[in-house]
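# Survey of secondary and tertiary structure
In case you want the letters, here they are:
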Amino acid sequence: MARWCYRHRLVVLLLWVGALVGVGFSASTAGTNYANVFSLPDTDSKTAYDLMQKAFPNTSGDTDTVVWKVDSGSVTDKAVQDRVRPALDEIAKLPGVGAVTSPYAGARGSAQISKDGTIAYAQLTFTKRANEIPKEQVQKVLDTAQDAERSGLQVELGGQAIQRVQEPPQGLSEMVGIIAAAVVLFLAFGSFFAMTLPIAIAVFGVGMGLFSTQLLSHTTDIPDIAPLLASLIGLGVGIDYALFIVTRHRRGILRGMDPEESAVTALNTSGRAVLFAGGTVCIALAGMLVTRLRFLDGVVIGTSLTVVLSVLAATTLLPALLGFLGPRVLSRRQRRRLAAEGPEPERASGLAARWSANVQKRPRRIAALAVVVMAVLAIPVLSLRLGATDQGNDDASTTTRKAYDLLAEGFGPGFNGPLQVVSVGGDTAKLVQGLQSTPGVAQVAELPPSQGVTVIQVVPTTSPQSKETDDLIDTLRDQVIPKAGAEAHVGGVTAVSKDFASVTGDRLPLFIATIITLGFLLLLVAFRSLVVPLTAALMNLIAAAASFGVLVAVFQWGWGLDLLGLGKEGPINAFLPVIMLSLLFGLSMDYQVFLVSRMHEEWVHTKDNARAVRVGLAETSRVINSAALIMVCVFLAFVLSGDSGAAMAGVGLAAAVALDAFILRTALVPAAMHLLGNSNWWLPTWLDKRLPHLAVEPQETAAAPEPTEPTGPATAIHGFVRTADGDPVEEASVTLMSKGGRQLDRVTSLADGSYIVSVPAPGAYLLAVTSASYGSKARHVTVVEGPVVYDVELTGDEVDAVN
């Protein structure tokens, strides 16, 4: 498939461009129909909601609020009314506004004025839901209301529709993330053309995913946060997957391969790993379905679809783009050096190799330090409290946050989240008396009954997000309502949020067990080991605990919120643990696959665990860290989205990816694998026979060297090249020759002095080692059975030659 896409690159590019334009045009024509459906069967708040819908069916349209405050005097003063009344009258005439309930109209309006007379509010009822109202109409309402301001008179607006016009321009966070990723890619590749490839793949994948999700919103319930989360994960995996493939392709060209063969090899090796990694992400996302929360079904659809399309772009569009670029995927300097000096030997970078050798020397110390760091970061997770964010968590400079604070100041903290006790039988009068005498209740108002349903509005003395309000809801349900002998249910936005958090918390263990089990089985089949998937499962739990600890410290405790401009502290969104764990599980599986597949390849070749772990880490850590840095940049950019849920997810995922890649995969995993030794690759024989065989990343095919013996299994000679003082010799040339002097294999030693040469069969060979700084040495080595460990010591400038 890669070869076909490479050779028919123009056709592939036109098909992708046509699909993107076509789906984009269809989506823009159809518009959006996102719906936040918090369907919680068998919960008290859901029963209350259903009863209200039956008794009061005409409560459609979004209701927002205009709040004003005077510095002196009263809001009923003639001068104040002369400023506010005309504004409210003009707002009532604006398109999209159904009704305006003014505090200056009739006796009931007095309830909309605070006791001290300094704060009042008017309710605006729009003709449609907040996401269906054109932003121009909402902006006109906002401007008209705030034109009434003068010195000593503050006017603010709150509500979902008003919040939408305060959000930064759509796509700002995505654009910032792409620019940050482009900078990292340019530093990693040193080539403008190579930099643009992962960006292009991410743009096509995310674009197709978002437009498709927008079209699907007309056929199923998809929450409005789904496209934000889809673009967040799509940009991350799209850029990362293309980065892995382009890195392998560039390495192939530098080793002297033809661009077409290099692209085909890159797709047949790293491309397979991308397919496997993308599959694990989708499986992890689908794990959200076990929670049976309808709100998350749409999130699964949007994010999974975007990941699938990003993988499809990486495996079809990317080889086509590589065909357009040819050798220009390398930097000018690399192309000049390739032309002048020929293909360069494959070796890990100095820093990566030195770090890998350091982990091998001090595994206990490095593992202990990594565990301590992760444990300290995980401590705040012990105080994790799930809930829902509202406009009280907005930035202090926004009009929605100011309106929220003014209402809390004038009418009490609970006014922003009243409870609705819905009664369908029993002694309602006794219930009202019981509610009024309950500690924590500031105000009780009984509304006129309809169709046998009575709604009693209860205003708590505490804010919607406080633990005291949650406790009050439990008290009403468990004590007050049963004591009054009434058949009633507690509903309202605050009660729905509490029930949603409770249901999510109850189902979280099942969800975690599901995705951990799936990950264990996938890695078990891929690497044919029991210890590797067990280690990966443990690492996923450690990464989750530490990342949630960071999330609690920032958003629940408020550490650094002002610095990040993220508003006020509050509980963690109830849906966030499920979404974050899905994405974290999928992304950490990516890094585990790319890291361990290289180690596994080396283990199969040499059966030397220490070398397998050292070489695997040295050769993959740079690309894993580059990919993680790109992910962190993309995720942190979503702080600019204007959506508190997306900002929370962005910070949490950025912390999770950084900790996973920079501490777990770079330090703790390899250190643990060094300590575990050969048991890393243990698998019972009976299980090995029953497991299906799956090659995640097959070895690149190469012409086999001519054997020196007629028959026999292939093996290897490996060891270290050192000086007389024991210092490693880097970039020494190690050549394996037959008894007749024919070259069989040639490699260059790494920064730690390690080398490995392939031996075609048992027999006698000549091993020659040459270094510009330390001279040369050659020795006869006899290979009988299995890998041979042979260390070489270079003593000086003399040449030790063997005929």
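As shown above, the structure is provided for reference.
Let me begin by describing the structure that accompanies this report. (Residues numbered from 1 in each chain as written. Predicted model: local features only at pLDDT ≥ 70, side-chain atom pairs only at ≥ 80, totals over all residues. Heavy atoms only, no water.)

## Considering the overall build of the protein
Within the protein one finds 24 helices and 19 strands. In terms of overall dimensions, the protein has a C-alpha envelope of 115 × 55 × 45 Å along the principal axes. Summarising the internal contacts of the protein: among those between residues at least 6 apart in sequence, 76% fall at separations of at least 24. Total accessible area computed for the protein in this model is approximately 34100 Å², and 57% of it derives from carbon and sulfur atoms. For the protein, the distance from the average position of its 62 positive side-chain charges to the average position of its 70 negative side-chain charges is 5 Å. (Helix = DSSP H or I, 4+ residues; strand = E, 2+ residues; numbered from the N terminus. Contact = heavy atoms within 4.5 Å. Areas by Shrake-Rupley, 256 points an atom, 1.4 Å probe, with all protein chains shown as cover. Lys, Arg positive; Asp, Glu negative; His and termini not counted. Charge placed at Lys NZ, Arg CZ, Asp CG, Glu CD.)

## A closer look at the sheet that holds strand β9 (residues 487-491)
Spatial strand order, β7-β8-β6-β9: four strands in an open sheet with antiparallel pairing. Each edge of the open sheet is held by one strand with a lone partner, namely β7 (441-446) and β9. Averaged over all neighbouring strand pairs, the angle between strand axes comes to 20 degrees, with direction disregarded. Note that strand β6 (residues 419-425) and β9 share five bridges and pair antiparallel. Counterpart to V421 in the pairing with β9 is V490. Lying over the sheet, helix α3 (residues 44-55) contacts β6, β8 (454-460) and β9, oriented at roughly 105 degrees with respect to β9. (Pairing = 2+ DSSP bridges. Axes fitted to C-alpha atoms, helices over the stretch in contact; angles between N-to-C directions.)

## Let's talk about a nonpolar patch on the surface
A surface patch of nonpolar side chains, about 730 Å² in accessible area, is lined by M175, I179, V183, F186, L187, F192 and F193. Residue assignment for the nonpolar patch shows that the elements contributing at least two residues are α7 (172-189) and α8 (192-216). Here I179 lies in helix α7. (Patch = residues over 30% accessible without salt bridge, like charges linked within 9 Å, V, L, I, M, F, W, Y side chains within 5 Å. Salt bridge = Lys/Arg side-chain N within 4 Å of Asp/Glu carboxyl O.)

## Details of α3
Over its twelve residues, α3 runs 17 Å from end to end, which matches the ideal 16 Å to within 8%, given 1.5 Å per residue. Among the residues of α3, those classed as buried are S45, A48, L51, M52 and A55. All buried residues of α3 fall inside an arc of 125 degrees around its axis, so they share one side. Buried residues belonging to α3 abut β6, β8, α17 (467-484), β9 and α18 (493-527). (Expected span 1.5 Å × (residues − 1). Buried < 20%, exposed > 50% of the residue type's maximum accessible area, 1.4 Å probe, protein only. Arc of directions from axis to C-beta.)

## Notes on the packing of aromatic side chains
The full count for this structure, using the stated rule, is eight aromatic pairs. Lying across the ring of Y6, R9 places its NZ or CZ 5.4 Å from the centre. The ring of F193 carries R328 above its face, with NZ or CZ at 5.4 Å from the centroid. (Phe/Tyr/Trp six-rings, centres within 6.5 Å; stacked < 30°, edge-to-face > 60°. Lys NZ or Arg CZ within 6 Å of the ring centre and 35° of its normal.)

## Concerning the nonpolar core
The biggest cluster of nonpolar side chains holds 152 residues, and the ones touching the most others in it are M288, Y591 and F635. Here the element with the most residues in this core is helix α23 (residues 644-676); it accounts for 18 residues. In this structure F635 touches L232, I233, L587, G650, L653, A654 and V657, once residues within four positions along its chain are discounted. One finds V66, L153, A161 and V165 within the second-largest nonpolar core, a separate group that totals 27 residues. (Core = buried A, V, L, I, M, F, W, Y, C linked by side-chain atoms within 4.5 Å.)

## Describing α8
Relative to the 36 Å expected for 25 residues at 1.5 Å per residue, α8 spans 36 Å between its end C-alpha atoms, a close match to the ideal helical length. Here α8 starts with a cap whose side-chain oxygen sits 3.4 Å from the backbone nitrogen of F193, and that cap is S191. (Polar contact = N/O pair within 3.5 Å; in protein donor to acceptor, adjacent residues only side chain to side chain.)

## Here we look at the side chain of E260
On the secondary structure map, E260 appears in helix α10 (residues 259-286). For E260, a relative accessible area of 15% puts it in the buried group. Beyond its immediate chain neighbours, meaning those up to four positions away, E260 contacts R3, Y6 and R7.

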